Amino acid sequence: MNARSVLLLIALAILVSAPLVTPGYFLHLVIQVLLWGFIYTAWSLMGRFGFVSLGHGAFMGIGAYVPALLWNYEGLTPWIGIPVSVVLSALLAVVIGYPCFRLKVVGHYFALVTLALGQVVLLCIVAARDITGGSLGMTPRAVGHSWYALQFPDKRFFYYIALAVWLIGLLVWRRIDKGMDREALEAIAEDEDAAAAVGIDVLREKLRVTVISAALTAVGGAVFGQYLMYLNPETVAGIAVSLQIVFAAIAGGVYAMLGPTVGALLTIALTEGLRVWFGTNFIGAANTIYGILLIVFIIFMPRGILGLFETLRVPRSRASTAPTD
Amino acid sequence: MDIYLVEAIINGLLLGGVLALLALGLNLIFGVIDVVWIAYADLVMCGMYAVYWLHAFFGWPIGVAFIVAIVGVALLGILVHVLIIAPVLRAAPINQLLATGGLLFFLQSFATLLFGTDFRNLGVRLPIIEVGGLFISYARLMAFAVALAGAVALYLFLRRTYLGTAIRAISQDRDIMGLMGVDQSRIYVMTSGIGGALAGLSACLLSLQYDVHPFVGNTFGPLTFMICVLGGLGNMIGGFVAAFVMSEIISVGGYYASTEWAYVLAFTFFIVLMFLRPRGILAR
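Residues numbered from 1 in each chain as written. Chains lettered and ligands numbered in written order. Predicted model: local features only at pLDDT ≥ 70, side-chain atom pairs only at ≥ 80, totals over all residues.

### Looking at the overall build of chain A
When you go through chain A residue by residue, the secondary structure sums to 16 helices and zero strands. Relative to a compact globule of 325 residues, whose C-alpha radius of gyration would be 20 Å, chain A shows 20 Å and is just as compact. Projected onto its principal axes, the C-alpha coordinates of chain A cover approximately 55 × 45 × 45 Å. Looking at chain A as a whole, 49% of its 325 residues qualify as buried. (Helix = DSSP H or I, 4+ residues; strand = E, 2+ residues; numbered from the N terminus. Rg over C-alpha atoms; globule rule 2.2 N^0.38 Å. Buried ≥ 20, exposed ≤ 12 C-beta atoms within 10 Å, placed from the backbone.)

### Let's talk about the overall build of chain B
Within chain B, the secondary structure is distributed over eleven helices and two strands. Ordered by position from N to C terminus, the α and β elements of chain B give α-α-α-α-β-β-α-α-α-α-α-α-α. Here the C-alpha radius of gyration of chain B, 19 Å, is about what a compact globule of 284 residues would show, namely 19 Å. Counting only C-alpha atoms and orienting by the principal axes, one finds that chain B spans roughly 60 × 50 × 35 Å. Considering chain B as a whole, with its 284 residues, one finds that 52% of them fall into the buried category. Put simply, of all contacts in chain B between residues at least 6 apart along the chain, 76% involve residues at least 24 apart. (Contact = placed C-beta atoms within 7 Å.)

### Digging into the environment of Thr288(A)
Here Thr288(A) is to be found in helix α14 (residues 285–300). Setting aside residues no more than four positions away along its own chain, Thr288(A) makes contact with Phe106(B), Ser109(B), Phe110(B) and Leu113(B).

### Some remarks on unusual backbone geometry
Residues and elements named next belong to chain A. Phi is positive for Lys-104, which is not a glycine, with a value near 55°. Mapped onto the fold, Lys-104 is located in the loop between α4 (78–102) and α5 (107–127). Its 14 C-beta neighbours within 10 Å are what place Lys-104 among the partly exposed residues.

### Thoughts on the interface of chain B and chain A
Taken together, the contact pairs 39 residues of chain B with 41 residues of chain A. Elements supplying a minimum of two residues to the side of chain B that touches chain A: α4 (93–115), α9 (216–231) and α11 (259–276) of chain B. It is α4(B) that provides the largest number of residues to the side of chain B that touches chain A, a total of 15 residues. Of the residues assigned to the side of chain B that touches chain A, the class counts are 30 nonpolar, eight polar and one charged. (Nonpolar A, V, L, I, M, F, W, Y, C, P; charged D, E, K, R; others polar.)

### Some points on the pairing of strand β2 (residues 134–137) of chain B
Residue and element names in this part refer to chain B. Pairing of strand β1 (residues 128–131) with β2, which is carried by four bridges, proceeds in the antiparallel orientation. Residue Val-131 lies in a different strand from β2, and its bridge partner there is Leu-134. Between the antiparallel neighbours β1 and β2 lie two residues, among them Gly-132 with a positive phi of about 50°. (Pairing = 2+ DSSP bridges.)

### Comments concerning the packing of helix α3 (residues 56–74) of chain A against α4(A)
All names here are of chain A. Two elements in contact, α3 and α4, have axes whose closest approach is 8 Å; the angle formed by their N-to-C orientations is 145°. For the element pair α3 and α4, the recorded crossing hand is right-handed. Contacts between α3 and α4 involve Ala-58, Phe-59, Ile-62, Gly-63, Val-66, Pro-67, Leu-70 and Trp-71 on the former and, on the latter, Pro-78, Gly-81, Ile-82, Val-84, Ser-85, Val-86, Leu-88, Ser-89 and Leu-92. Partitioned by chemical class, the residues of the contact of α3 with α4 number 13 nonpolar, four polar and no charged. (Axes fitted to C-alpha atoms, helices over the stretch in contact; angles between N-to-C directions. Left-handed = near helix turned anticlockwise from the far one by under 90°.)

### Some words on helix α8 (residues 180–190) of chain A
All names here are of chain A. Every buried residue belonging to α8 is among Ala-184, Leu-185 and Ile-188, and all of these are buried. Projected down its long axis, α8 shows its buried positions confined to an angular sector of 95°, all on one face. Against the buried residues of α8 lie α9 (192–197) and α10 (202–228). (Arc of directions from axis to C-beta.)

### Description of the confidence of the model for chain A
With 92% of its residues at a pLDDT of 70 or more, chain A has an overall mean of 85. Here residues 311–325 of chain A is modelled with pLDDT under 50, and outside its nearest four sequence neighbours on either side it reaches 16 contacts, counting other chains as well. (pLDDT = per-residue confidence, 0-100.)

### Re α9(B)
Residue and element names in this part refer to chain B. For α9, spanning 16 residues, the distance from its first C-alpha to its last is 23 Å, which sits close to the expected 22 Å at 1.5 Å a residue. With respect to burial, α9 is a largely interior element, 15 of its 16 residues being buried. Taken from the residues just after α9, Gly-232 is the one with a positive phi, measuring 95°. (Expected span 1.5 Å × (residues − 1).)

### Digging into the environment of Tyr255(A)
Residue placement: Tyr255(A) occurs in the loop between α12 (239–252) and α13 (259–278). Residues Tyr255(A) and Ser44(A), 211 residues apart in the sequence, show an inter-C-alpha distance of 8.0 Å.

### Observations regarding the confidence of the model for chain B
All names here are of chain B. Chain-level statistics for chain B give a pLDDT mean of 87 and a share of 99% at 70 or above. Of all secondary-structure elements in chain B, the lowest mean pLDDT belongs to helix α7 (residues 174–179), at 76, while helix α3 (residues 62–85) reaches the highest, 94. Note on the complex model: pTM 0.86, ipTM 0.82.

### A word on the environment of Ala196(A)
Along the chain, Ala196(A) falls in helix α9. Spatially, the C-alpha atom of Ala196(A) lies 9.6 Å from that of Ala184(A), the residues being twelve residues apart in sequence.

### Quick notes on the packing of helix α2 (residues 40–57) of chain B against α4(B)
Residues and elements named next belong to chain B. One way to put it is that α2 packs onto α4 with a least axis distance of 9 Å and a crossing angle of 25°. On the basis of the axis angle, α2 is roughly parallel to α4. Read as a crossing pair, α2 and α4 show a hand that is left-handed. Across from Asp-42, Met-45, Cys-46 and Tyr-49 in α2, the residues of α4 making contact are Leu-104, Leu-107, Gln-108, Ala-111 and Phe-115. Looking at the contact of α2 with α4, its residues break down into seven nonpolar, one polar and one charged. (Parallel < 35°, antiparallel > 145°, perpendicular 65-115°, else oblique.)

In structure tokens, the structure reads:
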């Protein structure tokens with residue numbers, strides 16, 4: 001056993017035993033870091049290859065709302081509702097992704113199409129206020145501790161679910177990172193035509209990573225909804241969420257496996273820290289600092305925090321924008 | 001024809017004027033500097049707050065408040081360019097877009113921090129004109145007229161002045177113009193200022209019709225991008241046409257269903273058109 005796997009085991013042991021010793025409020029924060037970390041990781045599956053989606057709020061919103069609606073109105077267990085929402089998200093990703101990739105809608109244009117998608121889902125949720133509660137949000141019908149309803153008032157249960165989901169996210173990230181897909185996608189990110197010329201199925205590669213990213217984001221949204229037990233279009237869908245995903249992932253660094261999670265850690269620590277520091281009188285303080293940080297990150301270290309520590313395997317396309325330290 | 005439908009069509013036309021003005025500003029910046037300012041509509045929000053504070057709170061005459069807002073937002077536009085855009089001019093286009101995304105976050109939250117989330121109304125009541133049973137808001141009519149005048153002024157400026165010619169030249173070939181002795185960074189600053197001024201002018205017109213709040217930019221921002229892209233980014237005439245197409249969809253759609261569904265329809269229309277005509281509706 002080498003030092004690396006020992007460290008890994010120790011880290012896992014700490015993570016697994018954490019809820020036994022941590023107080024409730026802190027556990028709540030850790031669960032949020034894990035769930036957001038998972039969603040940011042899902043986004044960066046695409047984002048690291050330059051397919052910047054400004055519409056991941058759409059997938060998160062579908063993931064959160066579909067199981068809750070099925071549960072409230074049809075009495076359908078989230079064990080069915082969540083797969084349904086994941087399939088719907090994946091389908092939506094194909095419906096948008098296929099024409100985009102087919103017609104080479106890239107860069108600005110891709111970002112703006114996904115931005116429109118995010119708005120469409122947000123506005124649908126708001127407009128269907130008869131069943132979704134509109135801007136007021138909705139609450140899944142609570143039944144107490146239940147595996148059938150996937151509701152656990154005890155945070156420790158949710159901690160393990162969040163941990164499992166987060167680990168799955170990392171495994172998917174790693175699988176793509178180690179596989180041939182990564183090479184193909186990096187080639188596509190550099191030059192689509194050249195990639196196609198050497199025999200890479202550009203459409204298929206892009207579509208696959210997009211569908212995986214959308215499906216995982218939907219899972220994240222669903223678990224988030226089950227955890228918070230309150231859904232609001234502004235907090236689980238829409239531009240604000242989409243941009244938050246983009247920012248946190250980039251701040252942490254989209255080129256390293258733990259980068260998005262570091263982004264989640266940073267943003268949640270910042271939000272909570274400022275909330276405790278200033279009290280609730282300064283609602284905008286955290287986001288004001290987010291905004292400034294995002295600008296600073298993009299200008300001075302586009303590879304994110306973990307990018308600073310990462311010296312190996314700098315993709316050539318990014319090398320020119322990376323900090324020279 | 002149903003009189004309310006006629007009213008919806010006319011209101012759509014009037015809304016289109018202001019949207020066209022916004023799209024012109026954004027298109028100018030895109031065409032010349034090749035950067036998408038995601039936070040463009042939030043500059044409008046700043047302008048609306050300026051008008052609100054100067055007129056409703058400090059009691060300045062509205063005309064003076066308008067002029068200060070236009071100049072202020074123009075300066076803000078220059079500031080945005082110098083502080084945020086200039087350092088990332090050579091970076092990947094998507095990084096530029098994200099940097100202005102950070103600006104969007106910053107402006108919205110900073111406004112929340114300073115002014116709270118209250119909806120603030122300018123408190124200027126303009127009359128409603130009745131024409132043959134149709135009720136048309138004077139504020140909208142004026143906004144439409146001023147927006148059209150602004151568009152014509154911009155057109156003349158770009159066609160008839162030396163600076164305008166230089167701006168158009170840069171948008172056609174940014175590398176060659178540097179060799180021809182045109183100072184690019186100066187043109188960029190000028191363009192950002194003009195783009196900012198157009199945002200300021202839109203802010204004045206919008207402040208007569210809408211309440212100002214920190215997230216008012218989200219109402220017009222995404223729509224403005226969609227309009228620019230629909231018209232073909234950088235294509236001013238395309239953007240002008242697209243503004244009226246989108247505003248009619250929203251206005252007439254709002255007549256048949258709710259406003260939200262009308263927006264859903266407009267955005268879906270945008271997505272579908274992106275696939276049918278990726279280079280814009282007027283592209284050949």
